[in-house]
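Examination of the molecular architecture
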Amino acid sequence: MTEPYMDGPLPATRLEIDLDAIAANWLALAGRHASGETAAVVKADGYGLGAVQVATRLRRAGCRHFFVATADEAAALRPHLPTARLYALNGLYQAEAATYAALDLIPALGSLGEIAEWRAASRRLGRALPSVLHVDTGMNRLGLPRDELARLAAEPSLLDGLDWRFLMTHLVASDNPVAPENAAQLARFAAARAALPTMPTSLDNSSGLFLPQDEYASDLARPGAALYGLNPTPGRANPMRHVVRLTARVLQLRDIGAGETVGYDATWRAARPSRIATVGVGYADGWPRAASNRGVARFDGMPVPLVGRVSMDLTTYDVTDLPRLRVGDFLELLGPDNPPDALAADSDTIGYEILTSLGARYHRVWHGS
Ligand SMILES: *Cc1c(COP(=O)(O)O)cnc(C)c1O
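Report on the accompanying structure. Everything numeric in this text was worked out from a predicted model, so none of it was measured.

1. Remarks on the environment of Asn-231
Mapping Asn-231 onto the fold places it in the loop between strand S10 (220-221) and strand S11 (244-256). Considered as a pair, Asn-231 and Ser-311 are 80 residues apart in the sequence and their alpha carbons are 28 Å apart. Those residues in contact with Asn-231 that lie beyond four places of it in its chain are Arg-236, Ala-237, Asn-238, Pro-239 and Asp-341. At 2.8 Å, the side chain of Asn-231 and the backbone nitrogen of Thr-233 are in polar contact. Here Arg-236 takes part through its backbone oxygen, which lies 2.8 Å from a polar atom of the side chain of Asn-231.

2. Digging into the sheet that holds strand S8 (residues 163-168)
If you walk across this open sheet you meet the seven strands as S3-S4-S5-S6-S7-S8-S9, and the pairing is parallel. A single partner strand is all that each edge strand has here, and the edge strands are strand S3 (40-41) and strand S9 (201-202).

3. With respect to helix H3 (residues 51-61)
Among all positions of H3, only Ala-51, Val-54, Ala-55, Arg-57 and Leu-58 are buried. An end-on view of H3 places all buried positions within 165 degrees of arc, on one side of the element. With its phi angle positive at about 115 degrees, Gly-62 sits one or two positions after the end of H3.

4. Comments concerning the site of the ligand
Residues in contact with the ligand amount to 14 residues; listed here are only the nearest, Lys-43, Tyr-47, Ser-206, Gly-224 and Tyr-352. Between Lys-43 and the ligand, the recorded distance is 2.8 Å, taken from a side-chain N or O atom to an oxygen atom. Here an oxygen atom of the ligand and a side-chain polar atom of Tyr-352 are 2.6 Å apart. The pocket occupied by the ligand, as judged from atoms lying within 2 Å of grid points, is the largest pocket.

5. Looking at the side chain of Gln-213
Looking at where Gln-213 falls in the secondary structure, it is placed in helix H9 (residues 213-216). A distance of 3.3 Å separates a polar side-chain atom of Gln-213 from the backbone oxygen of Leu-209. The residues contacting Gln-213, other than those within four sequence positions of it, are Arg-32, His-33, Asp-204 and Gly-208.

6. Details of the packing of aromatic side chains
Following the criterion strictly, the structure yields five aromatic pairs and no others. Between Tyr-100 and Trp-118, the aromatic rings sit 6.3 Å apart at their centres with planes inclined by 75 degrees, giving edge-to-face as the arrangement. Of this pair, Tyr-100 sits in helix H5 (residues 97-102) while Trp-118 sits in helix H6 (residues 112-125); the two residues are 18 residues apart in sequence, bridging distant segments of the chain. Here the two residues Tyr-100 and Trp-118 agree in accessibility, since each one is buried. A connected cluster of aromatic rings, assembled from ring pairs, spans Tyr-47, Tyr-228 and Tyr-352. Against the face of Phe-210 rests Arg-32, its NZ or CZ located 4.1 Å from the ring centre.

7. Notes on the pattern of salt bridges
Under the counting rule described, the total for this entry stands at 16 salt bridges. Of the charged contacts in the structure, one is a salt bridge between Arg-165 and Asp-163, with a shortest N-O distance of 2.9 Å. Overall, Arg-165 belongs to the partly exposed group, its relative accessible area being 23%. For Asp-163, a relative accessible area of 26% puts it in the partly exposed group.

Reading the values: rules and limits
- Residues numbered from 1 in each chain as written.
- Predicted model: local features only at pLDDT ≥ 70, side-chain atom pairs only at ≥ 80, totals over all residues.
- Heavy atoms only, no water.
- Helix = DSSP H or I, 4+ residues; strand = E, 2+ residues; numbered from the N terminus.
- Contact = heavy atoms within 4.5 Å.
- Polar contact = N/O pair within 3.5 Å; in protein donor to acceptor, adjacent residues only side chain to side chain.
- Pairing = 2+ DSSP bridges.
- Buried < 20%, exposed > 50% of the residue type's maximum accessible area, 1.4 Å probe, protein only.
- Arc of directions from axis to C-beta.
- Near = heavy atom within 4 Å.
- 1 Å grid on protein atoms, 1.4 Å probe; cavity = no way out; pocket = protein on both sides within 12 Å on 5 of 7 lines; lining within 4 Å.
- Sits in = over half its atoms within 2 Å of the grid points.
- Phe/Tyr/Trp six-rings, centres within 6.5 Å; stacked < 30°, edge-to-face > 60°.
- Lys NZ or Arg CZ within 6 Å of the ring centre and 35° of its normal.
- Salt bridge = Lys/Arg side-chain N within 4 Å of Asp/Glu carboxyl O.

So, in structure tokens, the structure goes:
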């Protein structure tokens, strides 16, 4: 028996974002870092949850420093944050110094070439442009490499003419408190500080704020993930508040016989007569295909197993044990009982990737004052 799809006033998906919970998370993190200031990392559209909404809410909560990756992201935010400090983690991209200066955007400069270019822009504009000096202490990704750091230490006049706000580095394994990389990076960062002209420091990401703060505190912490409810202490209870809830309406219910299969490649076979619910969420929405036959949704607090392959626009659930479920009801795909970190574990990734992949088709609703 197949029930028809009943169109209704509500969209077929709802992604609810709790801005007050994000603000509470920021205040809690700032409280852990009381000896310095605490920024908010809102790159990748606020980890998929809306950079403008998140940043304007955090600005009202008292946050003054916001990190994005690119100048494009900063340009989208600047009109909403006229007085905040905006930083570009990806550095000074190509010959865009004038654009950065016009946005009052502070680049994290990670090479002698970038420093020279930013100094040239400073001279052209006749003012010392605000700058962050990014030193690499082990990521080997961005930031001054060892030889360029030695060059600067030998010739500190290469830094002249800029307004140095922070010396920054980024931890590679802060979510593992016993990783030897943490202490090694701390030592390299201390050596860089000693070799360079004195300036304030910026060190911790979310998980770094849960390392011993007598050693790992700095003048500006840069948490991202924990603001959005991801667990900064993997393996331990999540100290952060939940932020996202994703619900999807049941488009169809169908009853199948024992031995029938569901979805592409027939990867799930019913062991008993079963009822299957289909929702309009798929890998095109960032719902990971790797969660095929693994994830769970919730209905009335009950776990609902995902069965069969996740397809592009649709996912199927075994709702045999939920006789009250009707077409048009909402299954909860993400929420306090099935957080992004749990979906990530079910699909061999991290919560960061789940959040930043949340699809453009979801009907987004922001709650909070
Ligand atoms: C993304 C990023 C952060 C934020 O990290 P989280 O783990 O999300 O808290 C901080 N600093 C740098 C350099 C980053 O790239």
